[in-house]
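Structural overview for review
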Amino acid sequence: MRLYCKLLLMILACGALQHFAPPSAWGRDAWFMVRCHAANVLGDERLAADLVDEYYHNVRQVDENEIAEIEFEIRLAAG
């Protein structure tokens, strides 16, 4: 009986989340988050670097000065 209550609660929570969450939360941003999590779990540094490039160049359209500052800070932190 408790299992059915948990299942019903989970169904209601997922339905409420889908109803109140903005549509973009289920689109491109969710897929990007899943790919980032997979790269982190798998320890795939190349995929993680590709995702960072995609984030800065395609998703967020950060200007070149900010990218240069971030790369400079990374070089300082690395040694």
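Residues numbered from 1 in each chain as written. Predicted model: local features only at pLDDT ≥ 70, side-chain atom pairs only at ≥ 80, totals over all residues. Heavy atoms only, no water.

1. Notes on the environment of Glu 54
Mapped onto the secondary structure, Glu 54 falls in helix H3 (residues 45-59). Overall, Glu 54 belongs to the partly exposed group, its relative accessible area being 24%. (Helix = DSSP H or I, 4+ residues; strand = E, 2+ residues; numbered from the N terminus. Buried < 20%, exposed > 50% of the residue type's maximum accessible area, 1.4 Å probe, protein only.)

2. A look at the pattern of salt bridges
Opposite charge on two side chains lets them pair, provided their charged atoms get close. Applying the stated criterion across every chain yields a total of 1 salt bridge. Where Arg 35 meets Glu 54, a salt bridge forms, and the shortest distance between an N and an O atom there is 2.4 Å. Here Arg 35 is found in helix H2 (residues 28-42), whereas its partner Glu 54 is found in helix H3, with 19 residues between them in sequence. Taking relative accessible area as the criterion, Arg 35 reaches 22% and is therefore assigned partly exposed. (Salt bridge = Lys/Arg side-chain N within 4 Å of Asp/Glu carboxyl O.)

3. Section: the confidence of the model for the protein
On average, residues of the protein score 79 in pLDDT, and 81% of them reach the 70 mark or higher. Least confident of the elements in the protein is H3, whose mean pLDDT is 80; most confident is helix H1 (residues 2-20), at 83. (pLDDT = per-residue confidence, 0-100.)

4. Topic: a nonpolar patch on the surface
Taken together, the side chains of Met 1, Tyr 4, Leu 7, Met 10 and Ile 11 present a nonpolar region at the surface, about 630 Å² in accessible area. Among the structural elements, Tyr 4 can be located in helix H1. Given the relative accessible area of 62%, Tyr 4 is considered exposed. (Patch = residues over 30% accessible without salt bridge, like charges linked within 9 Å, V, L, I, M, F, W, Y side chains within 5 Å. Areas by Shrake-Rupley, 256 points an atom, 1.4 Å probe, with all protein chains shown as cover.)

5. Here's the deal with a negative patch on the surface
On the surface, a cluster of negative charge is made up of Asp 44, Glu 45, Asp 50, Asp 53, Asp 63, Glu 64, Glu 66, Glu 69, Glu 71 and Glu 73. When contributions to the negative patch are tallied by element, the ones reaching two or more residues are H3 and helix H4 (64-78). If one sorts the elements of the negative patch by residue count, H4 sits on top with 5 residues. By secondary structure assignment, the location of Glu 64 is in helix H4. (Lys, Arg positive; Asp, Glu negative; His and termini not counted. Charge placed at Lys NZ, Arg CZ, Asp CG, Glu CD.)

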